[in-house]
Amino acid sequence: QERLVESGGGLVQPGGSLELSCAASKTIFTIYTMAWYRQAPGKQRELVATSSSTRTTYADSVQGRFRFSRNTALTTVYLEMSNLKPEDTGVYYCNAHHPYADDEYWGQGIQVSVSS
């Protein structure tokens, strides 16, 4: 099955931390470029971080606070989020896209809420 299954998220206070997980198939994990997106209420979906075999990049708004990582044995990627801010609130989506084919997959989305 070619699917992405997200877990994690929840409600945290400003300055807190959360880790999101995205479990992928071996094929997707090995070949595809992985990414995390997020969408705040009433706003467009934005790219948070993306990682290929050669580099990992982050949006300016999360630079220095978020970290993309992976566990090869579990074929799972993670988004470690630290020093969270209210503006980080939104639904986070895991994404995988093929490096050259018109083919991609999405996770189901998971809520992250940062509030006092």
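Here, every reference points to the structure presented above.
Below: a short report on this structure. Numbers given for residues are sequential positions, taken from 1 along each chain in its written order. Predicted model: local features are reported for residues with pLDDT of at least 70 only, side-chain atom pairs are reported and counted for 80 or more only, and whole-chain, interface and lining totals are derived from all residues. Side-chain metrics in this entry use all non-hydrogen atoms of the structure; hydrogen atoms and water are not considered.

1. Considerations on the environment of Tyr78
Part 1 of the reasoning: Working definition: helices are DSSP H or I runs of at least four residues, strands are E runs of at least two. Numbering for both runs from the N terminus. Looking at the secondary structure, you find Tyr78 in strand 8 (residues 76-81).
Part 2 of the reasoning: Each C-alpha atom of the pair Tyr78 and Ser21 lies 4.5 Å from the other, and the pair is 57 residues apart in sequence.
Part 3 of the reasoning: Every residue pair with non-hydrogen atoms within 4.5 Å of one another is taken to be in contact. Ignoring sequence-local partners within four residues, the contact set of Tyr78 consists of Glu19, Leu20, Ser21, Trp36, Arg67, Phe68, Ser69, Arg70 and Asn71.

2. Observations regarding the state of the cysteines
Part 1 of the reasoning: Any pair of cysteine sulfurs within 2.5 Å is marked as a disulfide. Counting across every chain of the model gives 1 disulfide.
Part 2 of the reasoning: Between the sulfur atoms of Cys22 and its disulfide mate Cys94 the distance is 2.0 Å. Between Cys22 and Cys94 the disulfide shows an S-S torsion of about -85 degrees. By sign, it is left-handed. Taken together, the positions of Cys22 in strand 3 (residues 18-23) and Cys94 in strand 9 (residues 90-97) put the pair 72 residues apart, joining distant regions of the chain. Summarising the burial analysis for this pair, Cys22 and Cys94 share the class buried. Think of it in three bands: with a 1.4 Å probe and only protein chains considered, a residue is buried below 20% of the maximum accessible area for its type, exposed above 50%, and partly exposed in between.

3. A word on the nonpolar core
Part 1 of the reasoning: Formed by 27 residues in total, the largest nonpolar core has its most connected members in Met34, Trp36, Leu79, Met81 and Tyr92.
Part 2 of the reasoning: Elements with a minimum of two residues in this core: strand 3, helix 1 (26-31), strand 4 (33-39), strand 5 (46-51), strand 7 (66-71), strand 8, strand 9 and strand 11 (110-114).
Part 3 of the reasoning: Contact partners of Leu79, with chain neighbours within four places excluded, come to Leu18, Glu19, Leu20, Trp36, Val48, Ala49, Phe66, Arg67 and Tyr92. In this text, buried Ala, Val, Leu, Ile, Met, Phe, Trp, Tyr and Cys residues form a nonpolar core when linked through side-chain atoms within 4.5 Å.

4. Topic: the environment of Leu11
Part 1 of the reasoning: By secondary structure assignment, the location of Leu11 is in strand 2 (residues 10-12).
Part 2 of the reasoning: For the pair Leu11 and Ser113, spaced 102 residues apart in sequence, the C-alpha to C-alpha distance is 4.7 Å.
Part 3 of the reasoning: Apart from the residues lying within four places of it in its own chain, the contact partners of Leu11 are Ser113 and Ser115.

Nothing here speaks to function; it is all geometry.
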